[in-house]
Amino acid sequence: MKTLLVKYTPREERSNSKKLLDAFKNEIRNSEIEVLDLCNDVPDLFNVESMNAYIRRNYLKEEISNEQKKSMEKMDHMTRQMKSADIVVVAFPMHNFSMPATVKAWFDSIMLKGQTWDVVDGKYSGLMNGKKALVIVSSGGFYASGPMVNWEHALSLTKMEFQFMGFSDIRGILNEGMNAGNEAQSTNIKKSFDEVKKIAAEWYGN
Ligand SMILES: Cc1cc2nc3c(=O)[nH]c(=O)nc-3n(C[C@H](O)[C@H](O)[C@H](O)COP(=O)(O)O)c2cc1C
């Protein structure tokens, strides 16, 4: 069994998302652990060359040149890495109501047709059945209820990406209200730590 921890936590030791991810990591039992730090290992963005290579190779099933293969190398590596894991945990702060661009670039890198999803009998079909995913998002404001509920596109979009890839068990923790004063912060992060431990206990049988 393998667990892949994917983090984008540029506030490093001060990051609440990192603290929650570390708490999850401490609870992992009987599993190989691999960490992908997206602050250091920044995913590629599609450019003209790599988009052309991707469409030719993955949609049109054409042979592509070595240079074209090279343009897809990092995306292919990140895709293989994600596919090698049974459990994927992603942790990051909400940025402008969504996932930070670096995290989106990781999803764009791994959501490759024919690798993690495909079209089967004319229908989109996720290929990642059997895998589990946990998404940990910290936000300054509140989105679970109140006037901002419709502004939340970080946790909801990330869960949807895993759903599209066919993950079987997808959990999410919105560690919200982190900039809403000390009281709200400490109450909410305590709740998030409890949720992290509960999910880890369920998944690793602690
Ligand atoms: C560039 C940037 C954009 C942000 N955008 C939002 C936002 O749209 N909504 C929100 O509630 N908080 C926003 N925040 C606040 C962070 O999400 C919040 O402080 C979070 O707890 C940081 O997570 P961390 O402790 O893991 O670093 C933003 C912070 C930064 C630096």
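Structure: see above.
Values in this document were obtained by computation on a predicted structure and should not be read as measured data.

Rules and cut-offs
Residues numbered from 1 in each chain as written. Predicted model: local features only at pLDDT ≥ 70, side-chain atom pairs only at ≥ 80, totals over all residues. Heavy atoms only, no water. Helix = DSSP H or I, 4+ residues; strand = E, 2+ residues; numbered from the N terminus. Buried < 20%, exposed > 50% of the residue type's maximum accessible area, 1.4 Å probe, protein only. Contact = heavy atoms within 4.5 Å. Areas by Shrake-Rupley, 256 points an atom, 1.4 Å probe, with all protein chains shown as cover. Lys, Arg positive; Asp, Glu negative; His and termini not counted. Charge placed at Lys NZ, Arg CZ, Asp CG, Glu CD. 1 Å grid on protein atoms, 1.4 Å probe; cavity = no way out; pocket = protein on both sides within 12 Å on 5 of 7 lines; lining within 4 Å. Points joined across faces, edges and corners; volume = space filled by probe spheres on them. Nonpolar A, V, L, I, M, F, W, Y, C, P; charged D, E, K, R; others polar. Near = heavy atom within 4 Å. Polar contact = N/O pair within 3.5 Å; in protein donor to acceptor, adjacent residues only side chain to side chain.

Trainee: So what's going on with the overall build of the chain? Which residues, and what values?
Mentor: When helices and strands are tallied, the chain shows seven helices and seven strands. For the chain, the sequential pattern of α-helices and β-strands runs β-α-β-α-α-α-β-α-β-β-β-α-β-α. Projected onto its principal axes, the C-alpha positions of the chain cover 60 × 35 × 35 Å. Sorting the 206 residues of the chain into buried and exposed places 47% on the buried side. Of all intrachain contacts in the chain linking residues separated by at least 6 positions in sequence, the fraction that spans at least 24 positions is 76%. For the chain, the exposed area adds up to about 10,700 Å²; of that, 48% sits on carbon and sulfur atoms. Taken as two groups, the 27 positive and 27 negative side-chain charges of the chain have centres that lie 2 Å from each other.

Trainee: An account of helix α5 (residues 101-110) is needed here, citing residue identities and associated values.
Mentor: Within α5, seven of the 10 residues are buried, which leaves the element mostly enclosed by the surrounding structure. Taken together, the buried positions of α5 are occupied by T102, V103, A105, W106, F107, S109 and I110. If you follow the buried residues of α5, they end up packed against β1 (2-7), β2 (32-37), α4 (73-83), β3 (87-93) and α6 (155-164).

Trainee: An account of the layout of surface pockets is requested, with residue identities and associated values reported.
Mentor: As a volume, the largest pocket reaches approximately 290 Å³. Taken together, 15 residues form the lining of the largest pocket, with R11, P93, S138, M178 and N179 sitting closest to its centre. Split into classes, the residues belonging to the lining of the largest pocket amount to four nonpolar, 10 polar and one charged.

Trainee: Go over the site of the ligand with me, naming the residues and quoting the values.
Mentor: Around the ligand sit 16 residues in total, of which R11, S15, N16, S17 and Y143 are the nearest. The contact in question runs from an oxygen atom of the ligand to an N or O atom on the side chain of R11, over 2.7 Å. Note that an oxygen atom of the ligand is positioned 2.8 Å from one of the backbone N or O atoms of G141. In isolation the ligand has 640 Å² of accessible area, and contact with the protein removes 74% of it.

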